[in-house]
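The primary structure of each chain is shown beneath.
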Amino acid sequence: MVTREEAKKIAQTEMKKSWPKYELIRVITLEEVDSAPPHVFNDDLSNCWIAYLLPVEIVGLFSSTIIVIDRDTGEIRYQGSASDEG
């Protein structure tokens, strides 16, 4: 089982490679989402950590950027838009 801290490290490593102009805001479970939940096509996020990223320079309104990490394996299952705008 991947802990929250381990998921945070995985997300930070991936963020440095793929999202260098972003910062890690939080790592939470789907149950802890307190706004619009992520909409990731054809994937169940109930057993995942969801790492929310924020651009260093915020310009306008936009969907959240997330990295989804499997809680059992630590595998990155998705990264990109959460499609949670609105």
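First things first, this report covers the structure right here in the doc. What you are looking at is a predicted structure, and each value in this text was computed from that prediction instead of being measured. (Residues numbered from 1 in each chain as written. Predicted model: local features only at pLDDT ≥ 70, side-chain atom pairs only at ≥ 80, totals over all residues. Heavy atoms only, no water.)

1. Let's talk about the packing of aromatic side chains
Short version of the rule: Two rings from Phe, Tyr or Trp (for Trp, the six-membered ring) form a pair when their centres are within 6.5 Å of each other. A pair whose planes differ by under 30 degrees is stacked, one over 60 is edge-to-face, and the rest are tilted. Counted as over-ring charges are cases with an Arg CZ or a Lys NZ within 6 Å of the ring centre that also lie within 35 degrees of the ring normal.
Applying the stated criterion across every chain yields a total of one aromatic pair. Look at W19 and Y22: their rings are 5.2 Å apart centre to centre, the planes differ by 75°, and that puts the pair in the edge-to-face class. The positively charged end of R71 is found above the aromatic ring belonging to W49, 5.6 Å away from the centroid.

2. Notes on the pairing of strand β3 (residues 65–70)
Residues in a regular strand point their side chains to alternate faces of the sheet. Our working definition: Using a 1.4 Å probe on the protein chains alone, a residue whose accessible area is under 20% of its type maximum counts as buried, one over 50% counts as exposed, and one in between counts as partly exposed. By the criteria applied, helices consist of DSSP H or I runs no shorter than four residues and strands consist of E runs no shorter than two, each listed in order from the N terminus. Pairing between two strands is assigned when DSSP locates at least 2 bridges connecting them.
With six of six residues buried, β3 lies mostly within the body of the structure. Alternating positions in β3 separate into two faces, T65, I67 and I69 on one and I66, V68 and D70 on the other, with burial throughout. With six bridges connecting them, strand β2 (residues 48–55) and β3 associate as antiparallel partners. What sits directly across from W49, in β3, is I69. Sheet analysis places β3 next to strand β4 (residues 76–81), joined by five bridges and oriented antiparallel. In the sheet register, I69 faces β4, and the bridge partner there is I76. Between β3 and β4, which pair antiparallel in sequence order, lie five residues; one of them, G74, sits at a positive phi of approximately 80°.

3. What to know about the nonpolar core
Worth spelling out the cut-off: Throughout this description, the term nonpolar core refers to a set of buried Ala, Val, Leu, Ile, Met, Phe, Trp, Tyr and Cys residues connected via side-chain atoms within 4.5 Å. The contact rule is simple, with two residues in contact once any of their heavy atoms fall within 4.5 Å.
Within the largest apolar cluster, twelve residues are counted, these being V2, A7, A11, M15, W19, L24, V27, W49, A51, L53, I67 and I69. Of all the elements in the fold, those that place two or more residues in this core are α1 (4–18), β1 (22–28), β2 and β3. In this view, I69 contacts A7, I10, A11, N47, C48, W49, G74, E75 and I76; residues no more than four positions away in its chain are not counted. The next biggest cluster of nonpolar side chains, apart from the first, holds ten residues, and it includes V33, V40, I66 and A82.

4. Considerations on α1
To keep it simple, the criterion reads: A helix is expected to span 1.5 Å for every residue after the first. The directions considered for the arc are those from the helix axis to the C-beta atoms.
An ideal rise of 1.5 Å per residue puts 21 Å on 15 residues; α1 measures up with 20 Å between its terminal C-alpha atoms. All of the buried residues in α1 are A7, A11, E14 and M15. Along the axis of α1, the buried residues cluster in a sector spanning 105°; they form a single face. Seen from the buried face of α1, the exposed residues on the opposite side, beyond 90 degrees, are K9, K16 and K17. Buried residues along α1 sit against β1, β2, β3 and β4.

5. Let's talk about the sheet that holds β2
The test is simple: Axis definition: a line fit to C-alpha positions, over the contact stretch in the case of helices; interaxial angles, taken between N-to-C directions, run 0 to 180 degrees.
Sheet architecture is open: four strands sit in the order β1-β2-β3-β4, paired in antiparallel fashion. The open sheet has two edge strands, β1 and β4, and neither has a second partner. Ignoring strand direction, the axes of neighbouring strands in this sheet form an average angle of 20°.

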